[in-house]
Amino acid sequence: MLVIADKCPEISVNVVDKNAERIKRWNDKDFKNIPVFEPNLIPILKRTRDRNLFFSTNVSKEIQLADIVFICVNTPTKLEGLGSGRASDLKWIKLCAKEIEKYSEGDTIVVEKSTVPVKTAELIKQILKSPQNSSSSIPKNFSVLSNPEFLSEGNAIRDLLYPDRILIGGEDKKSIDLLSSVYEKWVAKEKIIKTNLWSSELSKLTANAFLAQRISSINSISAVCEVTGADIKEVSRSVGGDSRIGDKFLSAGPGFGGSCFKKDLLNLTYLCEHYNLNEVAAYWNSVLEINNWQQKRISKEVFEKLCKNASNKKISILGFSFKANTNDTRDSPSINICINLIEQGAFLNIHDPKVTEDEIKNAFASYFEDIKQLNNNDKPPKFDDHWLFNADLNKSVKNADAILILTEWEEYKEIDWDKISKLTKKAAWVFDTRLIVDNDKILKTNLNFWCLGKKNSFE
Ligand code: UGA
């Protein structure tokens, strides 16, 4: 919405949410209090806020005035009922559709921006057809479009300004063209793909499934490298040099995190099973299995290197966000890996340049809350005594038995390992799951080193 407001000053863009606290933060004069960290966001916000971009909690009024309503709510994995642990929870989508039916007047284009299961537009259409005690007597007319988002966090502004493509699915040409005309203000017409509703919904899930599949593919090969003496960086480069394969999304790591890939893969497998396409479901589920396995095997590697005794070992965790340049921790690989290590008896000192102590606490709490709901198990383990947050990198590695790099933050690439080796315990281990440590430099210290996707870790 920020980029639409920037590129289309003649359009009034109104972002509404029921969460007053969030809206207050988006309106905060101090730009440090904006609720998300995203590079290059603030300058655009400064240009557009209160010019033609407004944040408020006045949901009914803004729906009533709008020609186009974008539904941008969360669609998390369901934790109870039919499809629990797999299907997306559409309760927020349904609520939005009900409110749109209730408050809109005249012609309204309703756009699915949230990532949704295939056929969600059908559900929205049905709700829009059922009157919701509207206070207005002005007739209502709806057209539902699917317009999925392909931005990735940390690169959101660049992805929005220079998208590979814009996808608009729908049935009504006039509405499709109207939405297209908004994007045409800064995106070339050839990049705007117009499809039917179901192709658009399915393409979004498929794009994320393909991206996740590439990561699982390269991660599976990283394990082969470790036993054969091949080097995963060299393999990635060689494989990605084939223009049919391409070089993007071939970085091995601790597995994909974020709010999208896992959820969308679960969604896709659920859909396939619903249509009795069990082999297809199993195929996509294996992408998730490799992802879980990669995280488990990293924890196992740490455990093995600490002589199979993690009890009271101090491990310094570098990076808690699911990737660099974001403070988002949803489904971050760090969550699973930290929990595995704590379960082995380790004590963790967690550092992240952008994630706060409270956010880490919430991430662990919601992990256990999900487990509790899914397994009907009401005893979350006592957990908070087993980790500390430290905003100072040097302090966080003090007396560490091991350092585990889990996010590829720029500042971790510049670590002076010689200096760090004087702060940790003698001959501490460094585990690099993001392949960012300069091997030659660390070799000169007395640190032990293990790097994902390479055979020769050294002691
Ligand atoms: C992803 C997609 O890339 C976007 O196109 C999509 O719009 C978005 O989901 C969504 O559906 O909302 P995002 O989750 O923000 O974007 O981040 P990615 O850059 O895709 O990274 C996802 C995870 O994969 C991260 O944990 C990252 O570290 C990992 N990754 C990525 C790798 O391990 N290796 C790679 O080569 C690339």
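Residues numbered from 1 in each chain as written. Predicted model: local features only at pLDDT ≥ 70, side-chain atom pairs only at ≥ 80, totals over all residues. Heavy atoms only, no water.

## Quick notes on the domain arrangement of the protein chain
Our working rule: Domain segmentation is taken from an automatic or database assignment of domains. A contact between two residues is defined here by any heavy atoms of the two lying within 4.5 Å. Buried area adds together the accessible area that both of two parts lose upon being put together, with accessible area traced by a 1.4 Å probe.
Annotation of the protein chain at the domain level lists domain 1 (58-195) and domain 2 (210-451). A straight line from the C-alpha centre of domain 1 to that of domain 2 covers 34 Å. Contacts between domain 1 and domain 2 engage 21 residues on the former and 18 residues on the latter. Taken together, the two surfaces of domain 1 and domain 2 that pack against each other cover about 1,500 Å², and 47% of this comes from carbon and sulfur. The largest contributions to the domain 1 side of the interface with domain 2 come from Leu 79, Arg 86 and Glu 153, which together make up 47% of the buried area.

## Here's the deal with the pattern of salt bridges
The test is simple: A side-chain nitrogen of Lys or Arg and a carboxyl oxygen of Asp or Glu constitute a salt bridge if their distance falls within 4 Å. Labels follow the DSSP assignment, with helices taken as runs of H or I lasting at least four residues and strands as runs of E lasting at least two, numbered in each case from the N terminus. Type-normalised accessible area, obtained with a 1.4 Å probe on protein chains alone, sets the label of each residue: buried when under 20%, exposed when over 50%, and partly exposed for intermediate values.
Scanning the entire structure with this criterion turns up 25 salt bridges. The salt bridge partner of Asp 231 is Lys 454, with a shortest N-O separation of 3.7 Å. One end of the pair, Asp 231, is in the loop between α9 (197-228) and α10 (232-240); the other, Lys 454, is in the segment after β13 (448-451), with 223 residues separating them in the sequence. Judged by relative accessible area, which is 17%, Asp 231 ranks as buried.

## A closer look at the layout of surface pockets
Rules: Of the grid points, spaced at 1 Å and generated over the protein atoms alone, those admitting a 1.4 Å probe that cannot get out make up cavities, while open sets with protein on both sides within 12 Å along at least five of seven lines make up pockets; any residue with an atom within 4 Å of a point is treated as lining. Grid points are joined across faces, edges and corners, and a volume is the space filled by probe spheres set on the points. In this classification, Asp, Glu, Lys and Arg are treated as charged, Ala, Val, Leu, Ile, Met, Phe, Trp, Tyr, Cys and Pro as nonpolar, and every other residue, Gly included, as polar.
A volume near 540 Å³ is recorded for the second largest pocket. Along its surface, the second largest pocket is lined by 19 residues, and Ala 87, Leu 90, Pro 117, Val 118 and Tyr 270 are the ones closest to its centre. Mapped by element, the contributors of at least two residues to the lining of the second largest pocket are α6 (120-129) and α11 (261-274). When residues in the lining of the second largest pocket are grouped by element, the largest group, four residues, is from α11. Its residues placed into classes, the lining of the second largest pocket shows 10 nonpolar, four polar and five charged. The residue makeup of the lining of the second largest pocket includes at least three contributed by each of domain 1 (58-195) and domain 2 (210-451).

## A short note on a negative patch on the surface
Using the following cut-off: To count toward a patch, a residue needs a relative accessible area over 30% and no salt bridge; like charges are then connected within 9 Å, while nonpolar side chains (Val, Leu, Ile, Met, Phe, Trp, Tyr) are connected within 5 Å. Note on areas: Shrake-Rupley with a 1.4 Å probe; residue coverage comes only from the protein chains shown. Charged-residue counts in this description rest on Lys and Arg as positive and Asp and Glu as negative, His and the chain ends being excluded. All charge positions are set by atom: Lys at NZ, Arg at CZ, Asp at CG, Glu at CD.
Among the surface-exposed residues, Glu 357, Asp 358, Asp 384 and Asp 385 lie close enough to one another that they form a single negatively charged patch. Within the element layout of this structure, Asp 384 appears in the loop between α14 (357-375) and β10 (387-389). You can call Asp 384 partly exposed: its relative accessible area is 43%.

## Section: the packing of helix α13 (residues 333-343) against α14
Heads up, the rule is: Axis definition: a line fit to C-alpha positions, over the contact stretch in the case of helices; interaxial angles, taken between N-to-C directions, run 0 to 180 degrees. Roughly parallel means an angle under 35 degrees; roughly antiparallel, over 145; roughly perpendicular, 65 to 115; everything else is oblique.
Here α13 crosses α14 at 80 degrees, and the two axes come no closer than 11 Å. The angle between the axes of α13 and α14 places the two elements in the roughly perpendicular class. Residues Ile 335, Asn 336, Cys 338 and Ile 339 of α13 pack against Ala 363, Phe 364, Tyr 367 and Phe 368 of α14. Split by residue class, the contact of α13 with α14 holds seven nonpolar, one polar and no charged.

## Looking at the site of the ligand
Applicable threshold: Nearness here has a simple test: a residue counts as near a molecule or strand if at least one of its heavy atoms is within 4 Å of that partner. Definition of a polar contact: a pair of N or O atoms within 3.5 Å, with one able to donate and the other able to accept a hydrogen when the atoms are protein atoms, and with sequence-neighbouring residues admitted only if both atoms are side-chain atoms.
As a matter of local geometry, the ligand sits amid 19 residues, with Phe 150, Leu 151, Glu 153, Lys 204 and Lys 323 nearest to it. Between the ligand and the protein, one listed contact pairs an oxygen atom with a side-chain N or O atom of Asn 208 at 2.8 Å. Considered on its own, the ligand offers 710 Å² of accessible surface; in the complex 89% of this is hidden by protein. Top contributing element to the shell around the ligand by residue count: α9, with four residues. Along the lines of polarity and charge, the residues of the shell around the ligand split into 10 nonpolar, four polar and five charged. For the shell around the ligand, the two domains that each supply at least three residues are domain 1 (58-195) and domain 2 (210-451).

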